[in-house]
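Residue strings, one per chain:
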Amino acid sequence: MRKWEQYGHTADVGIRGYGSTLEEAFEAVALALFDVMVDVRKVEPGECREVEVEGEDLMALLYSFLEELLVLHDLEGLVFGDVKVEIEKSREGYRLKARACGEVLDYEKHEPREEVKAITYHEMEIKQLPDGRWMAQLVPDI
């Protein structure tokens, strides 16, 4: 049950992902990130990339994960419409392995929206909600 949304923020746009697991919340916020840039519903999973990052805590993990996806976008022109995440606790903190699938940005097909310049810790929050679902949010630099 992955779900994402954008929320209003003074000069930028906030993104929030929900999931029945922590992994699903990370997947959803990654999709929310790319939904700021393009219509992710139009992105087909033609090319996949493996991403592995570590973080001393969940916020550092989320930052590194989204930053890696943004680097792939910047270097290869990829936009992602499907993301699968595995998170495990390690001695040093957390380790994340992900498979992100998408395709090279096509201006006519994907309807470009905003350009995300960087991932930030601004309003970053990761928590388990009272109903048991997980939520991850932040405000990227647009």
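The model shown is predicted, which means the values in this text are computed figures rather than measured ones.

**Q** What am I meant to see in the overall build of the chain here?
**A** Counting its secondary structure elements, the chain contains 3 helices and 7 strands. Seen in sequence order, the chain has helices and strands lined up from the N terminus as β-β-α-β-α-β-β-α-β-β. Its C-alpha radius of gyration of 14 Å places the chain within 12% of the 14 Å reference for a compact globule of 142 residues. Seen along its three principal axes, the alpha-carbon backbone of the chain occupies a region of about 45 × 35 × 25 Å. Within the span of the chain, comprising 142 residues, buried residues form 51% of the whole.

**Q** In this structure, what is going on with the packing of aromatic side chains? I would like to understand it.
**A** For any pair of aromatic rings, the description consists of the separation of the ring centres together with the inter-plane angle of the planes. Summed over all chains, the structure comprises 3 aromatic pairs. Taking 4.7 Å as the distance between ring centres and 5 degrees as the angle between the ring planes, the aromatic pair formed by Tyr63 and Tyr121 counts as stacked. In this pair, Tyr63 sits in helix H2 (residues 58–76) while Tyr121 sits in the loop between helix H3 (107–110) and strand E6 (125–128), placing the two residues 58 residues apart along the sequence.

**Q** Quick question: what am I supposed to make of the nonpolar core here?
**A** Across soluble globular proteins, nonpolar side chains show a tendency to be buried alongside one another. Ranked by size, the top nonpolar core spans 45 residues in total, and within it Phe26, Leu62, Phe65, Leu66, Leu69 and Leu96 carry the most contacts. Looking at this core, the elements with two or more residues in it are strand E2 (13–19), helix H1 (22–37), strand E3 (47–55), H2, strand E4 (78–90), strand E5 (93–104) and strand E7 (134–138).

**Q** Just to check I follow, could you spell out the state of the cysteines for this structure?
**A** Between two cysteines, a covalent bond joining their sulfur atoms is known as a disulfide. Tallying each qualifying case throughout the model produces 1 disulfide. Linked covalently through their sulfurs, Cys48 and Cys101 form a disulfide whose S-S length is 2.0 Å. Where Cys48 bonds to Cys101 through sulfur, the torsion about that S-S bond is close to 105 degrees, and the disulfide is right-handed. Linking Cys48 in strand E3 with Cys101 in strand E5, this pair joins segments that are 53 residues apart in sequence.

**Q** I keep staring at the sheet that holds E5 and nothing clicks. Help me out?
**A** Consider a sheet: its strands pair through backbone hydrogen bonds, and that pairing is either parallel or antiparallel. Pairing is antiparallel across the open sheet formed by 3 strands, whose spatial order is E3-E5-E4. Only two strands of the sheet have a single partner each, and these edge strands are E3 and E4. Within this sheet the neighbouring strands show an average axis-to-axis angle of 15 degrees, counted without direction. Bridge count for E4 against E5 is 12 bridges, and the pairing is antiparallel. Bridging from a neighbouring strand, Ser90 pairs with Gly93 of E5. The strands touched by H1 within the sheet are E4 and E5, with E4 carrying the most contacts at an inclination of about 150 degrees.

About the thresholds
- Residues numbered from 1 in each chain as written.
- Predicted model: local features only at pLDDT ≥ 70, side-chain atom pairs only at ≥ 80, totals over all residues.
- Heavy atoms only, no water.
- Helix = DSSP H or I, 4+ residues; strand = E, 2+ residues; numbered from the N terminus.
- Rg over C-alpha atoms; globule rule 2.2 N^0.38 Å.
- Buried < 20%, exposed > 50% of the residue type's maximum accessible area, 1.4 Å probe, protein only.
- Phe/Tyr/Trp six-rings, centres within 6.5 Å; stacked < 30°, edge-to-face > 60°.
- Core = buried A, V, L, I, M, F, W, Y, C linked by side-chain atoms within 4.5 Å.
- Disulfide = S-S within 2.5 Å.
- Pairing = 2+ DSSP bridges.
- Axes fitted to C-alpha atoms, helices over the stretch in contact; angles between N-to-C directions.
- Contact = heavy atoms within 4.5 Å.

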